[in-house]
Amino acid sequence: MPSRRPALDVISHSPDQTRQIGYRLGRLARPGDIYLLSGQVGGGKTTFVQGLARGLGVRGSVQSPTFALAMEHAGQAASGEPAILFHLDFYRLEGAEDLETFGYEEYLQAPEGIVAVEWPERLSLALPEAYLLVSFDHLAEAKRRLRFQPYGSRPQELVSGLREEVTGAPRRSAPAGDR
């Protein structure tokens, strides 16, 4: 099982703030990063991905791929290398067979891919080795708590970088045994 580090909780008071948090994470993203986005309908998952896309320099609109299941958006990683944001939405999938037919693994293995998955809990899928779980909790009309739970050392780097971006607190390094 991937290592688990302390989570980062961020409160968003509006859709614009949720996009801004996504933007900040997008500025830190690089190919191979995987974000699993969990929360209720209307929780802010797609709004967050819109910000993530903007942080990657994606041009054009980003909408929920609920009916298409996947959308691809060309962008640029923090390192300057080309990247593709794969925005996946599993809300309409029924089970593991749908996931296999869909080709989920191909998205995870794309060398230039940064993957954001809405509704990962809809399926009993094999989780990737390292990922950042982002949970969206509805607190009020437009207020959300976003919890960033890293699984693995790269996701821990992302949480540390986001913590610094959002709060100004210095990054904490992963213990030597977890790198």
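As a reminder, the structure under discussion sits directly above these lines.
Keep in mind it's a predicted model, so treat the numbers as computed, not measured.

Read across the open sheet, the seven strands follow the order β1-β7-β6-β2-β5-β4-β3; overall the sheet is mixed. Since the sheet does not close on itself, it has two edges, and those belong to β1 (8-12) and β3 (70-76), each with one partner. Each strand of the sheet is rotated relative to its neighbour by a mean of 20 degrees, with strand direction disregarded. Sheet analysis places strand β4 (residues 82-89) next to strand β5 (residues 113-118), joined by six bridges and oriented parallel. Looking across to β5, one finds that Phe86 is bridged to Val115. Lying over the sheet, helix α1 (residues 15-28) contacts β1, β2 (34-39), β6 (131-138) and β7 (144-151), oriented at roughly 140 degrees with respect to β1. Against the sheet, helix α5 (residues 153-167) touches β1, β2, β6 and β7, its axis set at about 145 degrees to β7.

In this section: the packing of α1 against helix α2 (residues 45-55). Following both chains from N to C, one finds α1 and α2 inclined at 40 degrees, their axes separated by 6 Å at the closest point. Classed by the angle they form, the pair α1 and α2 counts as oblique. Where α1 crosses over α2, the two elements pack in a sense that is right-handed. Across the interface between the two elements, Pro15, Thr18, Arg19, Gln20, Ile21, Gly22, Tyr23, Leu25, Gly26 and Arg27 of α1 pack against Thr47, Phe48, Gln50, Gly51, Leu52, Arg54 and Gly55 of α2. Its residues placed into classes, the contact of α1 with α2 shows six nonpolar, eight polar and three charged.

Another point: α2. In terms of burial, α2 is a largely internal element, nine of the 11 residues being buried. Residue Gly57 follows α2 closely and has a positive phi angle near 75 degrees.

Before going further, it helps to examine the nonpolar core. Within soluble globular proteins, side chains that are nonpolar generally end up buried alongside one another. Counting residues in hydrophobic clusters, the biggest one holds 28 residues, and the most contacted among them are Leu25, Tyr35, Leu37, Phe48, Leu85, Leu132 and Phe148. At four residues, the largest contribution of residues to this core is made by α2. Not counting residues within four places of it along the chain, the set of residues in contact with Leu132 comprises Leu25, Ile34, Tyr35, Leu36, Phe148, Gln149, Pro150, Pro155, Leu158 and Val159. Judged by nonpolar contacts, the second largest core, of 18 residues, contains Leu93, Leu108, Val117 and Tyr151.

This part is about the packing of aromatic side chains. Tallied over the full model, the rule gives five aromatic pairs. Residues Tyr131 and Tyr151 carry aromatic rings whose centres are separated by 4.7 Å and whose planes lie at 15 degrees to one another, so their mutual orientation is stacked. You can see Tyr131 sitting in strand β6 and its partner Tyr151 sitting in strand β7, a full 20 residues away along the chain. Of the residues examined, Tyr151 reaches a relative accessible area of 7% and is grouped as buried. Grouping aromatic residues by their ring pairs yields a cluster made of Phe48, Phe136 and Phe148.

So, on to the side chain of Asp89. Considering the arrangement of structural elements, one finds Asp89 in strand β4. Accessibility expressed as a relative area gives 1% for Asp89, which makes it buried. Of the polar contacts made by the side chain of Asp89, one reaches the backbone nitrogen of Tyr91; its length is 2.9 Å.

About the criteria used
- All chains use their own residue numbering, which begins from 1 and follows the written sequence.
- Note on the predicted model: pLDDT of at least 70 is required for a residue's local features to be given, and 80 or more for side-chain atom pairs to be given and counted; whole-chain, interface and lining totals, by contrast, use all residues.
- Side-chain figures throughout are based on the complete set of non-hydrogen atoms in the structure, without hydrogens or water.
- We call two strands paired when DSSP finds no fewer than two bridges between them.
- A run of DSSP states H or I qualifies as a helix once it reaches four residues; a run of E qualifies as a strand once it reaches two. Both are numbered from the N-terminal end.
- Axes, fitted as lines to C-alpha atoms, cover a helix only where it is in contact. Angles between the N-to-C directions of the axes lie from 0 to 180 degrees.
- Throughout, a residue-residue contact means that at least one pair of heavy atoms, one from each residue, lies within 4.5 Å.
- The cut-offs work like this: below 35 degrees is roughly parallel, past 145 is roughly antiparallel, 65 to 115 is roughly perpendicular, and the gaps in between are oblique.
- By definition, turning the near helix anticlockwise from the far helix through less than a right angle yields a left-handed crossing, and turning it clockwise yields a right-handed one.
- Classes in brief: Ala, Val, Leu, Ile, Met, Phe, Trp, Tyr, Cys and Pro nonpolar; Asp, Glu, Lys and Arg charged; the others, Gly included, polar.
- Any residue under 20% of the maximum accessible area for its type is buried, any over 50% is exposed, and the rest in between are partly exposed; the area is computed with a 1.4 Å probe on protein chains only.
- Put simply, a nonpolar core is a bunch of buried Ala, Val, Leu, Ile, Met, Phe, Trp, Tyr and Cys residues held in one set by side-chain atoms that sit within 4.5 Å of each other.
- In this analysis, rings of Phe, Tyr and Trp, with Trp reduced to its six-membered ring, are considered paired at centre separations within 6.5 Å, and the interplanar angle assigns stacked below 30 degrees, edge-to-face beyond 60, and tilted for intermediate values.
- Definition of a polar contact: a pair of N or O atoms within 3.5 Å, with one able to donate and the other able to accept a hydrogen when the atoms are protein atoms, and with sequence-neighbouring residues admitted only if both atoms are side-chain atoms.

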